Structures are given as structure tokens and as C-alpha cells.
Amino acid sequence: MGEIVKQFESKKNSVFLVNMEGTLQVLKVHESEESAFFEAVVLQRLYLHANVPKVIKLESNRIYMEYIEGKLAVDYFLECDVKGAAKLAELMLSFCRVYSEQFGNYRLSDTNFRNFIVVEKECDVELYGVDFEESEEGPLIKSAGDLCAFSFLYEVEADKKKAFYHAVASNWSEQEVDMLNDYILTSLNKLVTRRRLNLDVRRVFEELVIGSGHMV
């Protein structure tokens, strides 16, 4: 297994940074061989078309993969400026688009910002997807709605949330934006219920979407 350097936060699996004979790798231990195999297949498929860690070895319920050094997208979103928020939205939507293109009627269903890593370059940033345990049938625009819903719940200024939303919404026609807004509202309600948050979803939605000039 190699020398464990640190353990990453993960609700479903055990994820470690390990030193394998001088090379840092990420070891993800799944609950079953089936789920490990599923994620490994997704990673290998996406590797040819998007920024994801390279699978080094699949061993029973364990995946050894390339270590991507960067910061979680949620941390980047908390720290960046308005322009950075819009750039992050473009990169995340682009990633979801590639996923949908590669897997037909399936979409990336878990768009939690903790499932992405941002690598900051001198004059640019790159985005990597690192978690592919879940998938469900559905259109890309539903993933876009989930992205916006997550962005609305993070504790950053409203201007950054609006910039994120506008960057996503600009990819759709006026009629499609109505559909996007419906997905955002549905996703927001699910997230608030799941996390047991004391939050007025309608007020948040009205401030960030309707207040931005996009009526439902």
C-alpha cells in the first residue's frame, strides 16, 4: 500500500496520499470491488478527453491514481475574485459537458465543489475532476443547475455567486435558461433538505437569479 502521508476527507470511502517508492499517489479504497471498477472505468474513459487523474493501478477495491497538487475548487471559490468565479463556472460547466458527451444519456450528478481540484498557473487556472462514484441519466443542463445550486450555498459575497450563475446561464438560450432556473431551484431545495440548513430557498433564489434579471 505504500507509506501513508495523509488522509483526505471523504464521506463514502477512505482516501489517502501515499508514498510509493518515492512517488506520491492517491489511494482510494472503495466499499466494494464493483464500485472501484466503475470509477476506474470512468476515469480511464475521461482521461483521453478531460483533466482527471491517471489510473495507475486497480487492485480489488483499491484505485491507485496520479496525485494532482492543487486546491479544492470550493477553497478556490472562497478565495477568488468575481472574475475568478466566472472562470471557475466556465471550467466546471465545460467539464460536465465533456462527461455528458462521453457517456451519452448520463450526466455528472455529484457536482460538489469538493470533487474538483484547481491548479493555478502563472496566468491561468486548470480544473481537474477527481470523484466519479455517482452517475445518473439526465441532460447536461441539470448538471449546470446543480453547479449553480452549490455555488449559491457557499459563504461568499453575492456578486461572486451572480458571476458564477451568469457564466453558466450565458451558455443557454432564453427558453433554456427558464429550464436551468427550474433545475437550480429543485437542486437548492434538495441540498437544503439534505444538509438540514435553516435557509429560505426562495429568498436566496430571488436574490441571485430573479434579482439578476432572469425570471422563471
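Model, not experiment: these values are computed from the prediction. (Residues numbered from 1 in each chain as written. Predicted model: local features only at pLDDT ≥ 70, side-chain atom pairs only at ≥ 80, totals over all residues. Heavy atoms only, no water.)

### Section: the overall build of the protein
Stated precisely, the cut-off is as follows: Each helix is a run of H or I in the DSSP string that is no shorter than four residues. Each strand is a run of E no shorter than two, and both are numbered from the N terminus. For a compact globule the rule gives 2.2 Å times the number of residues to the power 0.38, and the radius of gyration it is set against comes from C-alpha atoms. Only protein chains enter the calculation, and the probe is 1.4 Å; a residue is then buried if its accessible area is under 20% of its type maximum, exposed if over 50%, and partly exposed in between. For this analysis, residues touch if any pair of their heavy atoms sits within 4.5 Å. Note on areas: Shrake-Rupley, 1.4 Å probe, and residue coverage restricted to the protein chains presented here.
Within the protein, the secondary structure is distributed over seven helices and ten strands. Its C-alpha atoms give the protein a radius of gyration of 18 Å, within 12% of the compact-globule value 17 Å for 216 residues. Its C-alpha atoms give the protein principal-axis dimensions of roughly 55 × 35 × 35 Å. Within the protein, the fraction of its 216 residues that count as buried is 48%. Across the protein, contacts joining residues at least 24 apart in sequence account for 63% of those joining residues at least 6 apart. For the protein, the computed accessible surface area is about 11400 Å², with 46% contributed by carbon and sulfur atoms.

### Overview of helix α6 (residues 174-195)
Filter applied, for reference: Here, expected helix span is obtained from the residue count minus one, scaled by 1.5 Å.
Look at α6: 31 Å from first C-alpha to last across 22 residues, which is about the 32 Å you get at 1.5 Å a residue. Along α6, the residues classified as buried are Val177, Leu180, Asn181, Ile184, Leu185, Ser187, Leu188, Leu191 and Val192. Each element contacted by the buried residues of α6 is listed here: α4 (140-153), α5 (158-169) and α7 (201-208). Two residues or fewer past α6, Arg196 is found with a positive phi of approximately 55°.

### Let's talk about the packing of helix α3 (residues 82-102) against α4
Operational definition: Under this scheme, a helix contributes an axis fitted over its contacting stretch, all axes are lines through C-alpha atoms, and angles between N-to-C directions fall in the 0 to 180 degree range. Oblique is the label for any angle not covered by the other classes, which are roughly parallel (under 35 degrees), roughly antiparallel (over 145) and roughly perpendicular (65 to 115). Working rule for handedness: look at the near helix, and if it is turned counterclockwise from the far one by less than a right angle, call the crossing left-handed; if clockwise, right-handed. Classes in brief: Ala, Val, Leu, Ile, Met, Phe, Trp, Tyr, Cys and Pro nonpolar; Asp, Glu, Lys and Arg charged; the others, Gly included, polar.
In contact at an axis separation of 10 Å, α3 and α4 are set at 150° when each is read in the N-to-C sense. Between α3 and α4, the angle falls in the class roughly antiparallel. Note on packing geometry: the crossing formed by α3 with α4 is right-handed. Counting all contacts with α3, which are made through Met92, Leu93, Cys96, Arg97 and Ser100, the residues of α4 involved are Leu140, Ser143, Ala144 and Leu147. Here the contact of α3 with α4 is built from residues that sort into six nonpolar, two polar and one charged.

### Notes on the pattern of salt bridges
Basically, it comes down to this: Whenever Lys or Arg places a side-chain nitrogen within 4 Å of a carboxyl oxygen from Asp or Glu, that contact is recorded as a salt bridge.
All chains considered together, the criterion is met by 13 salt bridges. The salt bridge partner of Lys142 is Glu136, with a shortest N-O separation of 3.6 Å. Classification of Lys142 by relative accessible area gives partly exposed; the value is 23%. When its relative accessible area of 29% is taken as the criterion, Glu136 is described as partly exposed.

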